[in-house]
Amino acid sequence: MSMRGAMVYRATVERDTETGTDSYGNPLPPSWGSHITLPCRVYNDGKTMIVDGGKTATVEVLRMSFPLDKDVTEDDRITAITDKKGTSLYSGNFEIKEKTRKYTHFEADLKVAE
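Here is a short report on the structure shown in this document.

What counts, and at which threshold
- Residues numbered from 1 in each chain as written.
- Predicted model: local features only at pLDDT ≥ 70, side-chain atom pairs only at ≥ 80, totals over all residues.
- Heavy atoms only, no water.
- 1 Å grid on protein atoms, 1.4 Å probe; cavity = no way out; pocket = protein on both sides within 12 Å on 5 of 7 lines; lining within 4 Å.
- Points joined across faces, edges and corners; volume = space filled by probe spheres on them.
- Helix = DSSP H or I, 4+ residues; strand = E, 2+ residues; numbered from the N terminus.
- Nonpolar A, V, L, I, M, F, W, Y, C, P; charged D, E, K, R; others polar.
- Core = buried A, V, L, I, M, F, W, Y, C linked by side-chain atoms within 4.5 Å.
- Buried < 20%, exposed > 50% of the residue type's maximum accessible area, 1.4 Å probe, protein only.
- Contact = heavy atoms within 4.5 Å.
- Polar contact = N/O pair within 3.5 Å; in protein donor to acceptor, adjacent residues only side chain to side chain.
- Phe/Tyr/Trp six-rings, centres within 6.5 Å; stacked < 30°, edge-to-face > 60°.
- Lys NZ or Arg CZ within 6 Å of the ring centre and 35° of its normal.

What follows is about the layout of surface pockets. The space that makes up the largest pocket amounts to roughly 230 Å³. Looking at the lining of the largest pocket, the elements that each hand over two or more residues are strand 3 (55–67), strand 5 (88–101) and strand 6 (105–112). For the lining of the largest pocket, the per-class residue count stands at six nonpolar, one polar and five charged.

Below you can see the structure in the form of structure tokens.
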């Protein structure tokens, strides 16, 4: 099976459409708008334990593969991941981190946006 054949999910990608600066020269707050829906493969790449003082948390690490010909940058965000029938698998705002090119596709980490 090709990597494209393994991309059985759909990700909704949003892009910041805000440009310009405020009166102090600072960038304006983001204004997210719908960009594209792309085929993808999302999988759990394990879990990481974070220890901060007396608190311990387990964080699920998600990875996403998507086609080379899609216009997706690390400045975009993912707002929903569904299967082909539209059933929600993951929802929320995910930042795209560490986008790397593979031979036949891109791969990236998904981080919950703060």
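Attention now moves to the nonpolar core. One finds Ala11, Met64, Phe66, Ile78 and Leu110 to be the most contacted residues of the largest nonpolar core, which totals 16 residues. Of all the elements in the fold, those that place two or more residues in this core are strand 1 (9–16), strand 2 (32–52), strand 3, strand 4 (77–83), strand 5 and strand 6. Apart from residues no more than four positions distant in its own chain, Met64 is found in contact with Ala11, Cys40, Arg41, Val42, Ile78, Phe106, Glu107, Ala108 and Leu110.

Position of Arg63 among the secondary structure elements: in strand 3. Classification of Arg63 as buried rests on a relative accessible area of 12%. Polar side-chain contacts of Arg63 include one of 2.9 Å to the side chain of Glu107.

As a further point, take the packing of aromatic side chains. Under the counting rule described, the total for this entry stands at one aromatic pair. Here Phe66 and Phe106 contribute two aromatic rings whose centre-to-centre distance is 5.6 Å and whose plane-to-plane angle is 35°, an arrangement assigned as tilted. Highlighted residues: Phe66 in strand 3 and Phe106 in strand 6, separated in sequence by 40 residues. Here Phe66 and Phe106 have matching classes, each one buried. The side chain of Arg41 reaches across the aromatic face of Tyr43, ending 4.4 Å from its centre.

Functional significance is not addressed by these values, which are geometric in nature.
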